[in-house]
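Each chain, written out:
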Amino acid sequence: MKFLSKEESDCIRKCLENSNNTLSLKERTIGWLLYFYGLRGSDITAMRFDNIDWRKDMLTLIQSKTDYPLTLPFNAVTRNSLFDYITTERAESDIKTIFVPQKSPNAPYKKIGNIVRKIFRCAHVRDKEGNKGIRNIEVFCHFGYTKT
């Protein structure tokens, strides 16, 4: 597995910061969660409203792979992006997970590989490698630990 270089990281960050590109708020928020925290895709799709403590600026969850609890402080970028997604873009839904499909909001979101591929395309990262999203998620996981 190839890790993100400083140049790739900078390109991804610029892409996530650019509100004029084709990324939706959901895609941008998922990108920030990957970028800063290196969360697994399964942990992001399982995130629920009760995992967020807005007053303490904390995200608390049980990691899907290890079953260990994880508590992370929100940075302003991720917290604001998450708030904007929830209040302006998230479809009405009875589902308790934060991220829901726009077209089927009463079904849980399952995979984020397509979102990761879109972020990599937008950032022009690894275009020559065919942009295979599954490994790209793992690259974020290893990279996120150094960015928080």
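Everything numeric here is computed off the predicted structure, so don't read it as measured data.

Caption draft 1: Representation of the overall build of the protein chain. Looking only at helices and strands, one finds six helices and three strands in the protein chain. Considering only contacts within the protein chain whose residues lie at least 6 apart along the sequence, 55% involve residues at least 24 apart. Within the structure as shown, the protein chain displays about 8,500 Å² of accessible surface, and the carbon and sulfur contribution to it stands at 53%.

Caption draft 2: Layout of the side chain of Ser 93. Structurally, Ser 93 is set in the loop between helix H4 (76-89) and helix H5 (113-123). Separated by 3.0 Å, the side chain of Ser 93 and the backbone nitrogen of Ile 95 make a polar contact. Reaching out from Ser 93, the side chain makes a polar contact with the backbone oxygen of Pro 105 at a distance of 2.4 Å. Filtering out sequence-adjacent residues up to four positions away, Ser 93 remains in contact with Val 100, Pro 105 and Asn 106.

Caption draft 3: Region of the structure containing the packing of aromatic side chains. Using the criterion set out here, one finds six aromatic pairs in the structure. For the ring pair Tyr 35 and Phe 36, a centre distance of 5.1 Å and an interplane angle of 85° mean the geometry is edge-to-face. On the basis of relative accessibility, which here comes to 7%, the residue Phe 36 falls in the buried class. Members of the aromatic cluster, each reached through a chain of ring pairs, are Trp 32, Tyr 35 and Phe 36.

Caption draft 4: Focus on the state of the cysteines. With the rule as written, the count across this model stands at zero disulfides. Not part of a disulfide, Cys 11 finds its nearest cysteine sulfur in Cys 15, a span of 9.3 Å.

Caption draft 5: Expanded view of the pattern of salt bridges. Across all of its chains, the model carries six salt bridges by this definition. Where Lys 6 meets Asp 10, a salt bridge forms, and the shortest distance between an N and an O atom there is 3.1 Å. On the criterion of helical spacing, the pair formed by Lys 6 and Asp 10 is a turn pair, its members being four residues apart in helix H1 (residues 6-17). Between Lys 118 and Glu 27 there is a salt bridge whose closest N-O contact spans 3.0 Å. Highlighted residues: Lys 118 in helix H5 and Glu 27 in helix H2 (residues 25-37), separated in sequence by 91 residues. When its relative accessible area of 14% is taken as the criterion, Glu 27 is described as buried.

Caption draft 6: Fine view of H2. With 13 residues, H2 should cover 18 Å at 1.5 Å per step; its first-to-last C-alpha distance of 18 Å lies within 8% of that length. Residues Lys 26, Glu 27, Arg 28, Thr 29, Ile 30, Gly 31, Trp 32, Leu 33, Leu 34, Tyr 35, Phe 36 and Tyr 37 constitute the buried set of H2. Immediately downstream of H2, the backbone of Gly 38 shows phi near 65°, a positive value.

Caption draft 7: Quick look at the packing of H2 against H4. Running from N to C, H2 and H4 point in directions that differ by 155°, and their axes come no closer than 9 Å. Viewed along their axes, H2 and H4 adopt a mutual orientation that is roughly antiparallel. By crossing handedness, the relation of H2 to H4 is classed as left-handed. Contacts between H2 and H4 involve Leu 25, Lys 26, Arg 28, Thr 29, Trp 32, Leu 33, Phe 36 and Tyr 37 from the former and Val 77, Thr 78, Ser 81, Leu 82, Asp 84, Tyr 85, Thr 88 and Glu 89 from the latter. Of the residues contributing to the contact of H2 with H4, the split by class is eight nonpolar, four polar and four charged.

Caption draft 8: Seen up close, the nonpolar core. Ile 12, Leu 33, Ile 44, Met 47, Leu 59 and Phe 99 are the most contacted members of the largest nonpolar core, which totals 33 residues. At the level of elements, H1, H2, strand E2 (58-62), H4 and H5 are the ones that each hand at least two residues to this core. Broken down by element, this core gets its largest block of residues, seven residues, from H2. Contact partners of Ile 44, with chain neighbours within four places excluded, come to Ile 30, Leu 33, Leu 34, Leu 39, Phe 99 and Ile 112.

What counts and how
Residues numbered from 1 in each chain as written. Predicted model: local features only at pLDDT ≥ 70, side-chain atom pairs only at ≥ 80, totals over all residues. Heavy atoms only, no water. Helix = DSSP H or I, 4+ residues; strand = E, 2+ residues; numbered from the N terminus. Contact = heavy atoms within 4.5 Å. Areas by Shrake-Rupley, 256 points an atom, 1.4 Å probe, with all protein chains shown as cover. Polar contact = N/O pair within 3.5 Å; in protein donor to acceptor, adjacent residues only side chain to side chain. Phe/Tyr/Trp six-rings, centres within 6.5 Å; stacked < 30°, edge-to-face > 60°. Buried < 20%, exposed > 50% of the residue type's maximum accessible area, 1.4 Å probe, protein only. Disulfide = S-S within 2.5 Å. Salt bridge = Lys/Arg side-chain N within 4 Å of Asp/Glu carboxyl O. Expected span 1.5 Å × (residues − 1). Axes fitted to C-alpha atoms, helices over the stretch in contact; angles between N-to-C directions. Parallel < 35°, antiparallel > 145°, perpendicular 65-115°, else oblique. Left-handed = near helix turned anticlockwise from the far one by under 90°. Nonpolar A, V, L, I, M, F, W, Y, C, P; charged D, E, K, R; others polar. Core = buried A, V, L, I, M, F, W, Y, C linked by side-chain atoms within 4.5 Å.

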